[in-house]
Amino acid sequence: MEISDILIDWYGKNKRDLPWREVSDPYIIWISEIILQQTRVVQGKDYFLRFAERFPDIQSLAEAHEDEVLKYWEGLGYYSRARNLHATARRIMEQYGGKFPTEYKEVLSLKGIGEYTAAAIVSFVWDQPYPVVDGNVFRVLSRLFALDTPIDTGKGKKEYTELATSIMNPGKAGLHNQAIMEFGALQCTPQNPNCMFCPLQSKCMGYASGSPLFFPVKQNKTKTRNRYFYYLHITYRGRTWLNRRSNKDIWKSLYEFPLIETEIPVDFIQLQEKENFRQLLKEAGKLSISVELSDVKHVLSHQILYATFYKIEIEKIPASLQSCIEISNDAINEYAVPRLLRIYLEK
Ligand code: SF4
């Protein structure tokens, strides 16, 4: 049997029962694939169900307010995914009359849809022969063919895409793609591939080499940056203040307490001397300050945040807070906040 037939046969016997399987609606495939990027299936499933219930089609998503879409995304991270889903739903309404485009190139031109997601949509729904190449597929292919080209390079991406295309059964592109992804997720896993009971064992060069875990190879050139966040949870008679993040940075459009960011760790005395701290609170009268959480480590891709939360009871409301959104302390749960703030709020 060919590799593709073996994978499809394995898939028929072992696939998980997931709510986006056996679905032919490109909208549903699209949102499930976007949610599953950077998110484990167990966690993503609940988000998917809630999201699909509230926004069952392109129109309902396009007509929603961005704040509500972000609220449904809260805790999933990589919030640009939600903003792009929303923007793209609007574009599909305007440009395609609410009908999902069927051409691979058109799908790929939509905001937030890369080669992987475009291939998943057009192959799962219309069996178009475009290979999906995600982390699972990289791993399976690199082991099967003992390929040591680093997967995080342009050359690697090209080689793997060609290889993925060459082993695909073009008449069963959707099934093949789903099968190889599921095989990577369940059988040929990162740390414990089940080689003993693997239907591809006799064809697997990684297994034959005796070191399947050596594959895939990464070049790993990305550097990690440390950032230090000092949040000011300012309160006055049950009121508090939030800002909406608007810069081209993490968590765009989410809400947070006034933030002072530094490049190195600082203590509270040093923090008080910062110009933005003084500008914000110099007219707030006597301050009653407590440290609620300090040095919480929050790891994102390519950056590590160290966050400290100060609760600051003020004596009067300074004019500087007019640039923030004033809310009652209880209303904060209505706002989409980053996971880091949610950790603080849940304490
Ligand atoms: S034999 Fe092991 S390494 Fe090779 S495909 Fe199967 S599970 Fe993966």
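Residues numbered from 1 in each chain as written. Predicted model: local features only at pLDDT ≥ 70, side-chain atom pairs only at ≥ 80, totals over all residues. Heavy atoms only, no water.

Enquirer: Looking at this model, I keep getting lost on the overall build of the protein. Mind explaining?
Expert: Regarding its fold elements, the protein presents 15 helices and 7 strands. Overall size of the protein, expressed as C-alpha extent along the three principal axes, is 80 × 50 × 30 Å. Classification of the 347 residues of the protein by burial places 49% in the buried group. For the protein, long-range pairs separated by at least 24 residues make up 66% of all intrachain contacts whose partners lie at least 6 apart in sequence. Carbon and sulfur atoms make up 49% of the accessible area of the protein, which totals about 17600 Å². In the protein, which carries 44 positive and 42 negative side-chain charges, the distance between the mean positions of the two groups comes to 3 Å. (Helix = DSSP H or I, 4+ residues; strand = E, 2+ residues; numbered from the N terminus. Buried < 20%, exposed > 50% of the residue type's maximum accessible area, 1.4 Å probe, protein only. Contact = heavy atoms within 4.5 Å. Areas by Shrake-Rupley, 256 points an atom, 1.4 Å probe, with all protein chains shown as cover. Lys, Arg positive; Asp, Glu negative; His and termini not counted. Charge placed at Lys NZ, Arg CZ, Asp CG, Glu CD.)

Enquirer: Help me understand helix H15 (residues 339-346), please; the structure alone is not making it clear to me.
Expert: Note on helix geometry: an α-helix contains 3.6 residues per turn, so any two residues three or four positions apart are oriented the same way. Buried residues of H15: Leu340, Leu341, Arg342 and Tyr344, and no others. On its buried face, H15 sits against helix H5 (66-73), strand S1 (225-236), strand S3 (255-256), strand S5 (288-300) and strand S6 (303-313).

Enquirer: Mind showing me how you'd approach the side chain of Thr149 here?
Expert: Inspection of the secondary structure assignment puts Thr149 in the loop between helix H9 (135-144) and helix H10 (154-167). At a separation of 2.8 Å, a polar atom in the side chain of Thr149 contacts the side chain of Glu159. (Polar contact = N/O pair within 3.5 Å; in protein donor to acceptor, adjacent residues only side chain to side chain.)

Enquirer: Please explain the site of the ligand as it appears in this structure.
Expert: Lining the immediate surroundings of the ligand are Arg143, Phe183, Cys188, Pro193, Cys195, Cys198, Gln201, Cys204, Tyr207 and Pro212. Here the shell around the ligand is composed, by residue class, of 8 nonpolar, 1 polar and 1 charged. (Near = heavy atom within 4 Å. Nonpolar A, V, L, I, M, F, W, Y, C, P; charged D, E, K, R; others polar.)

Enquirer: Teacher, can you tell me more about the nonpolar core here?
Expert: Across soluble globular proteins, nonpolar side chains show a tendency to be buried alongside one another. Core analysis: the largest hydrophobic core is formed by 89 residues, its most contacted members being Trp30 and Phe51. When residues are assigned to domains, this core turns out to be shared by domain 1 (3-214) and domain 2 (225-346), each giving three or more. Beyond its immediate chain neighbours, meaning those up to four positions away, Trp30 contacts Leu85, Thr88, Ala89, Phe100, Ile113, Thr117 and Ile121. (Core = buried A, V, L, I, M, F, W, Y, C linked by side-chain atoms within 4.5 Å. Domains from an automatic or database assignment.)

Enquirer: How do you make sense of the packing of helix H3 (residues 41-54) against H5 when you look at a structure like this?
Expert: Interhelical geometry of H3 versus H5 gives an angle of 155 degrees and a closest axis separation of 9 Å. Taken as axis vectors, H3 and H5 run roughly antiparallel relative to one another. Between H3 and H5, the residues in contact are Tyr47, Arg50, Phe51 and Arg54 and Glu68, Val69, Tyr72 and Trp73, respectively. Classifying every residue of the contact of H3 with H5 gives 5 nonpolar, no polar and 3 charged. (Axes fitted to C-alpha atoms, helices over the stretch in contact; angles between N-to-C directions. Parallel < 35°, antiparallel > 145°, perpendicular 65-115°, else oblique.)

Enquirer: Where do I start with the domain arrangement of the protein in this structure?
Expert: Interface size is commonly expressed as the accessible area that is lost once the parts come together. When its domains are assigned, the protein resolves into domain 1 (3-214) and domain 2 (225-346). For domain 1 versus domain 2, the distance between C-alpha centres works out to 37 Å. Contact residues are listed per partner, giving 9 residues for domain 1 and 15 residues for domain 2. Between the two partners, domain 1 and domain 2, sit 3 salt bridges. One salt bridge connects Arg244 with Asp67, and the closest N-O pair in it is separated by 2.8 Å. Across the contact surface, domain 1 and domain 2 share 10 residue pairs in polar contact (both at pLDDT 80 or more). (Salt bridge = Lys/Arg side-chain N within 4 Å of Asp/Glu carboxyl O.)

Enquirer: I tried to follow unusual backbone geometry on my own but got confused; where do I start?
Expert: A negative phi holds for most residues other than glycine; trans holds for most peptide bonds. The omega torsion of the bond from Phe215 to Pro216 falls at 0 degrees, within 30 degrees of zero and hence cis. With respect to the helices and strands, the residue Pro216 is situated in the loop between helix H12 (205-208) and S1. One non-glycine residue, Ser253, lies in positive phi territory at about 80 degrees. Within the element layout of this structure, Ser253 appears in the loop between strand S2 (239-244) and S3. Residue classification places Ser253 among the buried positions, given a relative accessible area of 6%.

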